[in-house]
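Summary of structural features
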Amino acid sequence: MKLKLGIPKGSLQEASLQLFRRAGFEITVNPRSYFPSIDDEEIECMLIRAQEMARYVEDQVLDAGLTGLDWVLENGANVVEVADLVYAKQTLGKVRWVLAVPEKSAIHSVKDLEGKIIATELVKVTEQYLARNRVKAKVEFSWGATEVKPPVLADAIVEVTETGSSLRANGLRIVETLLESNTKFIASQAAWADEAKRRKMENIVMLLKGAIDAAGKVGLMMNVRRQDLATVLAVLPALKRPTISELSESDWVAVNTVIEEKTVREIIPRLKAANAQGIVEYPLNKIVM
């Protein structure tokens, strides 16, 4: 059994490769090839632009792939949406497709787009948005550098953003959000119906989700006298609840927990003040619930 898996080429590529690495898969990309190697004999990888991924999965050129909800909708693809994987190029979060105009534009809502020109790569979704709002405007496909087109080449744009910083840098303001999108693991109908391939995909998704859940978190373990246990536990914000284990000395226990990495510098001094000893911080690759 070989699972043909599409890895998004372009802006999501590096974030996806890092995610797979944390999940336990080493994918090596040759800059001259669209077929990366992977240290799993049951997987065959191919680099495909996220914009095209859903179409190739629907047509069974690929069994599965990672792409955004935005491109599944844009292609109208009949695929199985196996799982949400909430990560993007820069952050572990969703992205937004927004309507943006120059700062001094008279456009303040979708209704003001009547008879205007909109540049975007997300043409069909934008046309559907206009239709829902009963606005007639011309939607032009943008081949790139969309932010520089208003006001000369277009009155407005529909563009994807994580933080809005690029839009602000180009003198644009956001009018409305059309769509929130996140990365999805998708599969073809045929591959999902294949028991062996479905099981493989479920295992991959489990590991990828575990890697996402572990991002920004660390493990803490420490030794605590029983008489100090309640005080120490009051300091710890646990993922669920700390694991407490017996030690060879009956007066002591070991405490193991998971916390947000950004809180470590505040929590460790408080643990030390609560008489925890032998405090060890360690990195996490995956958290599988």
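The structure presented is a predicted model; accordingly, all values stated were derived computationally and were not measured. (Residues numbered from 1 in each chain as written. Predicted model: local features only at pLDDT ≥ 70, side-chain atom pairs only at ≥ 80, totals over all residues. Heavy atoms only, no water.)

Turning our attention to the overall build of the protein chain. Regarding its fold elements, the protein chain presents nine helices and 16 strands. A compact globule built from 289 residues would reach a C-alpha radius of gyration of about 19 Å, whereas the protein chain, at 24 Å, exceeds it by more than 25%. With the C-alpha coordinates of the protein chain rotated into their principal frame, the extents come out at 80 × 50 × 35 Å. Expressed as a percentage of its 289 residues, the buried residues of the protein chain come to 45%. For the protein chain, the accessible surface area stands at approximately 15,300 Å², while carbon and sulfur atoms represent 48% of it. (Helix = DSSP H or I, 4+ residues; strand = E, 2+ residues; numbered from the N terminus. Rg over C-alpha atoms; globule rule 2.2 N^0.38 Å. Buried < 20%, exposed > 50% of the residue type's maximum accessible area, 1.4 Å probe, protein only. Areas by Shrake-Rupley, 256 points an atom, 1.4 Å probe, with all protein chains shown as cover.)

Before going further, it helps to spend a moment on unusual backbone geometry. For the bond running from Pro150 to Pro151, omega is 0 degrees, close enough to zero to count as cis. At Gln60, a residue that is not glycine, the phi angle is positive and equals roughly 65 degrees. Relative to the assigned elements, Gln60 resides in the loop between helix H2 (50-58) and strand E5 (64-68). With a relative accessible area of 46%, Gln60 lands in the partly exposed category.

This brings us to the pairing of strand E13 (residues 217-225). With nine bridges connecting them, E13 and strand E15 (residues 252-260) associate as antiparallel partners. If you follow Leu220 over to E15, its bridge partner there is Thr257. Both E13 and strand E16 (residues 277-283) contribute to a ladder of five bridges, which runs antiparallel. Within E16, the position partnered with Gly219 by the bridge is Tyr282. (Pairing = 2+ DSSP bridges.)

Compared with the 28 Å implied by 1.5 Å per residue over 20 residues, the 29 Å span of helix H7 (residues 195-214) between its first and last C-alpha is a close match. Residues Lys197, Lys200, Met201, Ile204, Val205, Leu208, Gly210, Ala211, Ile212 and Ala214 constitute the buried set of H7. Two or three places before Ala196, at the start of H7, stands the capping residue Asp194, its side-chain oxygen 3.1 Å from that residue's backbone nitrogen. Where H7 ends, the next residue or the one after it, Gly216, has phi of about 80 degrees, a positive value. (Expected span 1.5 Å × (residues − 1). Polar contact = N/O pair within 3.5 Å; in protein donor to acceptor, adjacent residues only side chain to side chain.)

Backbone-to-backbone hydrogen bonds join strands into a sheet, with any given pair of strands oriented parallel or antiparallel. Pairing is mixed in the open sheet, where five strands are placed in the order E9-E8-E10-E7-E11. Every interior strand has two partners, whereas the edge strands, strand E9 (138-141) and strand E11 (172-181), have only one. Averaged over all adjacent pairs, the angle separating strand axes in this sheet is 25 degrees, with direction ignored. Bridge count between strand E8 (residues 117-120) and E9: four bridges; the pairing is parallel. Looking at E9, one finds that Ile117 is bridged to Lys138. Each of strand E7 (95-102), E8, E9, strand E10 (156-161) and E11 is contacted by helix H4 (residues 123-132), which is oriented at about 170 degrees to E9, the strand it contacts most. (Axes fitted to C-alpha atoms, helices over the stretch in contact; angles between N-to-C directions. Contact = heavy atoms within 4.5 Å.)

Nothing here speaks to function; it is all geometry.
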